[in-house]
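Descriptive analysis of the structure
Residues per chain, in single letters:
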Amino acid sequence: MGEIWIIGATGRAGRSISAESTTGGHQIVLVGRNAERLAAAAAAVETPGGPPPRTLVTDDPAGRITADKPDVVVNTVGPFGATTVPTARACVEAGSHYVDLANEFEPVRSLLELDSAARAAGSTLVTGAGFGVLANESLVYELCAGRPAPTRVRVAAMPVVDGLGPAVLASVVDAAATGGLIYRGGRLERTRLGAHLQHVPLPDGTTRPTVAVPTGELEAALRASGAGDVIATSSEVPTGRATRAVLPVVGAILRVDAVRRSVIRLIDRWKLTPPSAQGDTSWAYAYAQWEGGESRQAWLRTGEGYAFTSRVAARVAARLADGDGRPGAFTPGALFGADLARSAGGTITFDSTAKDL
Ligand SMILES: NC(=O)c1ccc[n+]([C@@H]2O[C@H](COP(=O)([O-])OP(=O)(O)OC[C@H]3O[C@@H](n4cnc5c(N)ncnc54)[C@H](OP(=O)(O)O)[C@@H]3O)[C@@H](O)[C@H]2O)c1
């Protein structure tokens, strides 16, 4: 029986992943820094026929991973700029497998750079096991399957959620401090935060405004397509003219380390949460254009974003615990393909008559 640790098990995503992880017969261990909150999270997990969850209170998850060598670690503690690399390195040292929900550009790229260390240790590291990165990259894999690399790719994430945890706001602060990024000619280029306003077409004929944000989807779409020009946009940032005008200033202020750290401490202390886009349907979108002008587009449709994310993370963790991975560092689509998104409740549709965006 594999042991799956869920770090950040008291949070919005951690609780939901714990609930999704009870059916595979694995021993779930809820890991956190507060005994009372952990006990409440454990009491809420129903395990019909399986072992009840255990809890582990620690301020040093990386140290405990190295000592106890669990089979799989799921890291839900954002902002991931502070937790992805130390936790993944501890997993490599222990020979454990690692899964996180990161969707900020830097942590996703840093995790993927641990590929050779992971292969040498026999560990599988998976970053972006949620709506962001998987929803967009699975579309790119499917659009590009069996074709030469396109010249241009654009992806857009448009999730709806019932509510967001404070760690999401902290992750947004980290992302804003990174500033705008795109790939042009295969090279990473700085762009204005909030630039590249794009009205994404939806299958029902409506459009949704999105702007460029430095997400893990940018890196994942580059790797999935081999395209030189890649832009990743999101509807999660307000797209009004006034907001887009001040975003670069906010990003510049947050780039000052001391300011950013204070803001993140305040968010954690006061449990501040960002506004959330509510609704019935989350959308992901990808557009690819090939030499000669041919272009195709695709959509992934699913329900509430956290539900999809929790199913993705729980499925990836269970498959790794069952020995279904391979050593190295991956995004979830690169390891398990677009069918992982379908099995988590995503429906994918295509259109080969796409117009230039
Ligand atoms: N890729 C995706 O699609 C996707 C989807 C959903 C969420 N996310 C990301 O996942 C992260 C978690 O989201 P969430 O909504 O679950 O946030 P949340 O409700 O705020 O939960 C954060 C969890 O992390 C723990 N934590 C926070 N700071 C910590 C620290 N310094 N040391 C140890 N534990 C700490 C919290 O523990 P306490 O209870 O002790 O405070 C809590 O368990 C965010 O970064 C979010 O952006 C990604």
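See the structure shown above.
No experiment lies behind these values; they were computed from the predicted model shown.

**Quick look at the pairing of strand 4 (residues 72-75)**
Residues Val-72 and Val-74 line one face of strand 4 and the alternating positions Val-73 and Asn-75 line the opposite face, and both faces are buried. Relative to strand 4, strand 1 (residues 3-7) runs parallel, the two being bridged by 4 bridges. From the neighbouring strand, Trp-5 faces strand 4, where its bridge partner is Val-73. Two elements, strand 4 and strand 5 (residues 97-100), share 4 bridges in a ladder whose sense is parallel. What sits directly across from Asn-75, in strand 5, is Asp-100. Considered for its hand, the β-α-β crossover made up of strand 4, helix 4 (residues 80-94) and strand 5 is right-handed.

**Describing the site of the ligand**
Near the ligand there are 24 residues, and of these Thr-10, Ala-13, Gly-132, Ser-171 and Tyr-306 occur at the shortest range. Separating an oxygen atom of the ligand from a side-chain N or O atom of Arg-37 is a distance of 2.8 Å. Within the backbone of Gly-132, a nitrogen or oxygen atom sits 2.6 Å from a nitrogen atom of the ligand. When isolated, the ligand has an accessible area of 930 Å², and the protein chains bury 82% of it. Sorting the residues of the shell around the ligand by element identifies helix 1 (12-20), helix 7 (131-144), helix 8 (166-178) and helix 12 (305-321) as the ones contributing at least two each. Here the element with the most residues in the shell around the ligand is helix 8; it accounts for 4 residues.

**With respect to the pattern of salt bridges**
Note that side chains of opposite charge can pair when their charged atoms are close. One pass over the full model with this rule turns up 14 salt bridges. In this structure, the salt-bridge partner of Arg-54 is Glu-3, at a minimum N-O distance of 3.4 Å. With Arg-54 in strand 3 (residues 54-57) and Glu-3 in strand 1, this residue pair connects regions lying 51 residues apart in the sequence. What makes Arg-54 partly exposed here is its relative accessible area of 42%. Arg-260 is paired through a salt bridge with Asp-174; the nearest N and O atoms lie 3.4 Å apart. Taken together, the positions of Arg-260 in helix 11 (residues 257-270) and Asp-174 in helix 8 put the pair 86 residues apart, joining distant regions of the chain. For Arg-260, a relative accessible area of 17% translates into the label buried.

**A closer look at the packing of aromatic side chains**
The geometry of an aromatic ring pair is captured by the separation of the ring centres together with the interplanar angle, meaning the angle of the planes. Applying the stated rule across the entire model yields 2 aromatic pairs. Their ring planes at 75 degrees and their centres at 5.8 Å tell us that Phe-131 and Phe-308 sit as a pair that is edge-to-face. Of the two residues, Phe-131 is situated in helix 7 and Phe-308 in helix 12; the sequence distance between them amounts to 177 residues. Of the two residues examined, Phe-131 and Phe-308, each falls in the buried class. Ring geometry for Tyr-285 versus Trp-299: centroids 5.8 Å apart, planes at 50 degrees, classification tilted. Of the two residues, Tyr-285 sits in strand 13 (residues 282-289) while Trp-299 sits in strand 14 (residues 295-302), which places them 14 residues apart along the sequence. A relative accessible area of 0% means that Tyr-285 is categorised as buried. For the cation-ring pair, Arg-12 lies above Tyr-306, with the distance from its terminal atom to the ring centre recorded as 4.1 Å.

**Structural notes on the packing of helix 7 against helix 9 (residues 216-225)**
Following both chains from N to C, one finds helix 7 and helix 9 inclined at 20 degrees, their axes separated by 9 Å at the closest point. In this view, helix 7 runs roughly parallel relative to helix 9, as classed from their interaxial angle. Handedness of the helix 7/helix 9 crossing: right-handed. Taking contact as the criterion, the partners of Phe-131, Gly-132, Val-133, Asn-136, Glu-137, Val-140, Tyr-141 and Cys-144 in helix 7 are, on helix 9, Gly-216, Glu-217, Ala-220, Ala-221, Ala-224 and Ser-225. Residues of the contact of helix 7 with helix 9, tallied by class, amount to 8 nonpolar, 4 polar and 2 charged.

Basis of the calculations
Residues numbered from 1 in each chain as written. Predicted model: local features only at pLDDT ≥ 70, side-chain atom pairs only at ≥ 80, totals over all residues. Heavy atoms only, no water. Buried < 20%, exposed > 50% of the residue type's maximum accessible area, 1.4 Å probe, protein only. Helix = DSSP H or I, 4+ residues; strand = E, 2+ residues; numbered from the N terminus. Pairing = 2+ DSSP bridges. Right-handed = clockwise from strand over helix to strand, strands pointing away. Near = heavy atom within 4 Å. Polar contact = N/O pair within 3.5 Å; in protein donor to acceptor, adjacent residues only side chain to side chain. Areas by Shrake-Rupley, 256 points an atom, 1.4 Å probe, with all protein chains shown as cover. Salt bridge = Lys/Arg side-chain N within 4 Å of Asp/Glu carboxyl O. Phe/Tyr/Trp six-rings, centres within 6.5 Å; stacked < 30°, edge-to-face > 60°. Lys NZ or Arg CZ within 6 Å of the ring centre and 35° of its normal. Axes fitted to C-alpha atoms, helices over the stretch in contact; angles between N-to-C directions. Parallel < 35°, antiparallel > 145°, perpendicular 65-115°, else oblique. Left-handed = near helix turned anticlockwise from the far one by under 90°. Contact = heavy atoms within 4.5 Å. Nonpolar A, V, L, I, M, F, W, Y, C, P; charged D, E, K, R; others polar.

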